Amino acid sequence: MSKKRVAIIGYGGMGGWHAKHLLVSDVCELAGIWDIKEERRALAVERGIHVYGSFDEVLADPTVDILTLAVPNELHMPLAIEALRAGKNVISEKPVAMSSEELQKMIDASNETGKLFTTHQNRRWDCDYLMMKELYASGKLGKVFCIESRYHGSRGIPGDWRTEKEHGGGMILDWGVHLIDQMVGIAYDRKVEKVYCRCDHLLNTEVDDGFKLDLYFEGGLTARIEVSTYNFIALPRFYMAGRLGTAIIKDWKDDCHVVCCDKWDEENVTPVVTAAGLTRTMAPRDDKTTTESVIKRPESDVHEFYRNVCLAIDGKAKQIVTHAQLMRVMKIMEAAFRSDELGRPVEIDDVIC
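Residues numbered from 1 in each chain as written. Predicted model: local features only at pLDDT ≥ 70, side-chain atom pairs only at ≥ 80, totals over all residues. Heavy atoms only, no water.

## Here we look at the packing of helix α6 (residues 127-138) against helix α7 (residues 171-186)
Okay, step 1: For the pair α6 and α7, the least separation of the axes is 9 Å and the interaxial angle reads 25°. Looking at the two axes, α6 sits roughly parallel to α7. Our pair here, α6 against α7, has a crossing hand that is right-handed. In this structure, α6 contributes Y129, M132, K133 and Y136 to the contact, and α7 contributes Q182, G185 and I186.
Okay, step 2: Counted by class, the contact of α6 with α7 contains four nonpolar, two polar and one charged residues. (Axes fitted to C-alpha atoms, helices over the stretch in contact; angles between N-to-C directions. Helix = DSSP H or I, 4+ residues; strand = E, 2+ residues; numbered from the N terminus. Parallel < 35°, antiparallel > 145°, perpendicular 65-115°, else oblique. Left-handed = near helix turned anticlockwise from the far one by under 90°. Contact = heavy atoms within 4.5 Å. Nonpolar A, V, L, I, M, F, W, Y, C, P; charged D, E, K, R; others polar.)

Now the structure itself:
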């Protein structure tokens, strides 16, 4: 398979990330970049990267197979549709669009042109997520009834357009899109029945600078997704509880610590002395009734995303990030915004995909 040539539109943070990885890719080569900002074009030239003269020039280049869009969110739909109709395959950065209506127009353009269209859900290759996904699927914890996923930061929303509503700013669209995608990937066998979301506006009144989102899955599973940009002590990255045990990943760099209950009944429990008295209820378990184990961080390669895109373009594989999955996550995000606005849980017509 000859290497696919990729042009990047937008040479900011994520555009630079794509360029860095494409320069060492085994399936793609970087054709060049286009950015409306002169300083970014100059930086690309300094790094020896070809710079196109305009977006139209990129579309007119017959050697370009794929366009990767790393531009503000409100530009994803118009640029993607124009590129698809120009005969290019398209990868959009997340969130794929500003709404499910916009996303449907992008999907329609992909179907009409026969060109691949997908989104860069790169955090499907995060090791912490992969460990939790493996653990859930293994059944080791029994019937899982609680999953918590969170990212805590302390610097507010990154500057520039991410702080403004018209550009699709805010943390639900920035980080929520990843963590929702991960959560439905972990609980792959259950539909979401309703959502309840509370958004924070600690430093920004225009868009959310944090949120707490509860997903209520069928079968009694509740998942908490939490993002904060104003925490100076972070809570655990992942926590999962089931009928047979509990697991925790304290930080994204850590292994997964698992404790399983081998015997529920425990004789002669020694009470714990607390400040206000004694308690047997909260007395810790010992190794007579529990077993501890560790799931080591797996090997993960973010290049698998582009490898899959290239194989899918050639009809040799199904694309990993599908249109149905994109729509599912978008609908959940829209339900989250609606829940926050109404101040109550809202039901959702979810579909496993």
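Now, onward.
## What about the sheet that holds strand β2 (residues 28-34)?
Okay, step 1: Across the sheet, which stays open at both edges, the five strands sit in the order β2-β1-β3-β4-β5 with parallel pairing between neighbours. The open sheet has two edge strands with one neighbour each: β2 and β5 (117-119). The average undirected angle you get between the axes of adjacent strands in this sheet is 25°.
Okay, step 2: Its contacts with the sheet place helix α1 (residues 13-22) against β1 (4-9), β2 and β3 (66-69), and it is angled at close to 160° to β1. (Pairing = 2+ DSSP bridges.)

## Concerning unusual backbone geometry
Okay, step 1: Here the residue pair K94 and P95 is connected by a cis peptide bond, since its omega of -10° sits within 30 degrees of zero.
Okay, step 2: Tracing the sequence through the fold places P95 in the loop between β4 (89-92) and α5 (100-113).

## Considering the packing of aromatic side chains
Okay, step 1: Under the definition given, this model contains five aromatic pairs.
Okay, step 2: Both rings, one in Y151 and one in W175, keep their centres 4.4 Å apart while their planes meet at 40°; by these two values the pair is tilted. Separated by 24 residues along the polypeptide, Y151 in strand β6 (residues 144-152) and W175 in helix α7 bring together distant segments of the chain.
Okay, step 3: Judged by centre distance (5.5 Å) and plane angle (75°), the rings of Y230 and F232 are edge-to-face.
Okay, step 4: A relative accessible area of 62% places F232 in the exposed class.
Okay, step 5: An aromatic cluster is present here, built from W125, F305 and Y306 joined pairwise through their rings.
Okay, step 6: Lying across the ring of Y216, K194 places its NZ or CZ 5.1 Å from the centre. (Phe/Tyr/Trp six-rings, centres within 6.5 Å; stacked < 30°, edge-to-face > 60°. Buried < 20%, exposed > 50% of the residue type's maximum accessible area, 1.4 Å probe, protein only. Lys NZ or Arg CZ within 6 Å of the ring centre and 35° of its normal.)

Take it as geometry only, folks, not as evidence of what the structure does.
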